[in-house]
Amino acid sequence: MRVIGTTSELQALADRERAAGAKLALVPTMGALHAGHLSLVNEARKRADQVWVSIFVNPTQFEDAADASRYPRSWEEDLQCCREAGVDVVFAPECDEMARPLRQTSIEVGEVAEPLCGRSRPGHFHAVATVVAKLLLAAKPHLAFFGEKDYQQLAVIRCMVRDLGFDVEIVGASIVREVDGLALSSRNVQLHPEARRQAVALVRALDAAENAVATGERDLARLLQRASAEIDKAPLARIDYVELRNADSLGPVTDKLVDPALLALAVWFDSPDRDAAERDSRDGGERSAVRLIDNRVLDPRRSASPQ
Ligand code: PAF
């Protein structure tokens with residue numbers, strides 16, 4: 001397995017491999033690799049001759065420096081994980097490498113980036129789209145793989161690739177879950193053990209709404225209420241958003257579920273450790289709280305007729 005740190009070296013390798021007829025797949029990550037990332041690598045392996053993983057904690061996509069600096073990092077374990085998974089190349093650029101050359105050009109994606117996390121995390125998708133564009137230009141892959149847990153991120157990247165005519169196929173892969181249903185995320189390790197237990201409220205909320213659709217519920221307000229009620233059962237949970245959106249455009253949906261709709265959740269989980277919370281509020285941050293997202297497409301066509 002090769003580890004490459006510069007865009008120019010990666011581009012040169014991509015040119016050579018493409019000229020030799022290899023089909024290249026890129027799995028962009030921010031490290032702290034888990035089974036969700038490995039499922040992307042495995043999917044990529046089925047469709048490509050070479051699987052390349054990028055590991056870059058993009059500082060510009062965090063709201064504040066504190067969140068960026070506490071994002072989990074596990075470089076040695078990540079390399080080992082990539083080796084064991086048969087990854088061919090790890091691209092691990094330094095910050096300077098990604099910020100070069102002039103910091104004057106960036107990518108702004110429109111409406112699809114506006115609701116949900118776009119509203120809660122201003123500037124986030126602007127930073128994600130820009131760094132993903134740079135990674136695609138560096139690795140020149142035929143295919144690039146992203147997890148569906150970050151549903152809006154995937155929609156933003158698909159939109160950017162279509163609009164700008166990137167010569168790459170974007171592939172989305174299903175959410176991987178823990179035994180109790182919590183979606184895998186690098187942020188899960190930041191949860192206090194009690195918050196971790198309560199975080200199962202997310203998947204319970206998705207299940208409750210899905211079950212309601214299966215028994216014929218089509219009223220959006222009642223579906224949202226079913227989902228929120230499950231989250232409200234977790235004392236450490238604070239809802240950022242619980243929303244239903246058109247599954248393709250992420251545009252608003254009207255009062256009845258007619259077409260497939262995305263049920264998207266973002267929830268903060270506080271720490272029950274009062275001292276940590278007080279320390280954080282003195283520092284002006286929210287560091288003992290961890291924000292998790294999850295989603296499911298509710299498809300009225302796959303269930304009982306309306307009530
Ligand atoms: O999903 C992630 O890990 C990141 O947002 C990505 C796509 C690697 C861009 O930094």
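Scroll up to find the structure.
Residues numbered from 1 in each chain as written. Predicted model: local features only at pLDDT ≥ 70, side-chain atom pairs only at ≥ 80, totals over all residues. Heavy atoms only, no water.

> Can you help me understand the sheet that holds strand S9 (residues 290–298) in this one?
Hydrogen bonds between backbone groups are what pair the strands of a sheet, and the pairing can be parallel or antiparallel. In space, the 3 strands of this open sheet follow the order S7-S8-S9, with antiparallel pairing throughout. Looking at strand neighbours, the two that pair on one side only are strand S7 (237–246) and S9, the edges of this open sheet. With strand direction ignored, the average angle separating the axes of adjacent strands in the sheet is 15°. Bridge count for strand S8 (residues 261–269) against S9 is 9 bridges, and the pairing is antiparallel. Paired with Ala261 across the bridge in S9 is Leu298. Against the sheet, helix H10 (residues 201–214) touches S8 and S9, its axis set at about 20° to S9. Against the sheet, helix H11 (residues 220–232) contacts S7 and S8, and its axis sits at roughly 155° relative to S7. (Pairing = 2+ DSSP bridges. Helix = DSSP H or I, 4+ residues; strand = E, 2+ residues; numbered from the N terminus. Axes fitted to C-alpha atoms, helices over the stretch in contact; angles between N-to-C directions. Contact = heavy atoms within 4.5 Å.)

> What exactly am I supposed to notice about the site of the ligand here?
Around the ligand, the structure places Pro28, Thr29, Met30, Gln61, Val131, Val132, Phe146 and Gln153. One of the side-chain nitrogen or oxygen atoms of Gln61 is found 2.7 Å away from an oxygen atom of the ligand. A distance of 2.7 Å is found between an oxygen atom of the ligand and a side-chain nitrogen or oxygen belonging to Gln153. Expressed as a share of its isolated accessible area of 290 Å², the protein-covered part of the ligand is 89%. (Near = heavy atom within 4 Å. Polar contact = N/O pair within 3.5 Å; in protein donor to acceptor, adjacent residues only side chain to side chain. Areas by Shrake-Rupley, 256 points an atom, 1.4 Å probe, with all protein chains shown as cover.)

> Looking at this structure, how should I read the sheet that holds strand S4 (residues 89–91)?
Pairing is parallel across the open sheet formed by 6 strands, whose spatial order is S1-S4-S3-S2-S5-S6. For this open sheet the edge positions go to strand S1 (2–4) and strand S6 (169–173), each flanked by a neighbour on one side alone. Mean inter-strand twist for the sheet, computed between neighbouring axes without regard to direction, equals 25°. Here S1 pairs with S4 via 3 bridges, running parallel. Each bridged residue has a counterpart across the sheet, and for Arg2 the counterpart in S4 is Val89. Packing against the sheet, helix H1 (residues 7–19) makes contact with S1, strand S2 (24–29), strand S3 (50–55) and S4, and its axis sits at approximately 135° to S1.

> Can you help me understand the packing of H10 against H11 in this one?
Two measures define how a pair of helices packs: the angle their axes make with one another and the distance between the axes. The geometry of H10 relative to H11 is characterised by a closest axis approach of 8 Å and an angle of 150° between their N-to-C directions. One element, H10, and the other, H11, form an angle in the roughly antiparallel class. Crossing geometry of H10 relative to H11 is assigned as right-handed. Contacts between H10 and H11 pair Ala201, Arg204, Ala205, Ala208, Ala209, Ala212 and Val213 from the former with Leu223, Arg226, Ala227, Glu230 and Ile231 from the latter. For the contact of H10 with H11, the class distribution of residues is 9 nonpolar, no polar and 3 charged. (Parallel < 35°, antiparallel > 145°, perpendicular 65-115°, else oblique. Left-handed = near helix turned anticlockwise from the far one by under 90°. Nonpolar A, V, L, I, M, F, W, Y, C, P; charged D, E, K, R; others polar.)

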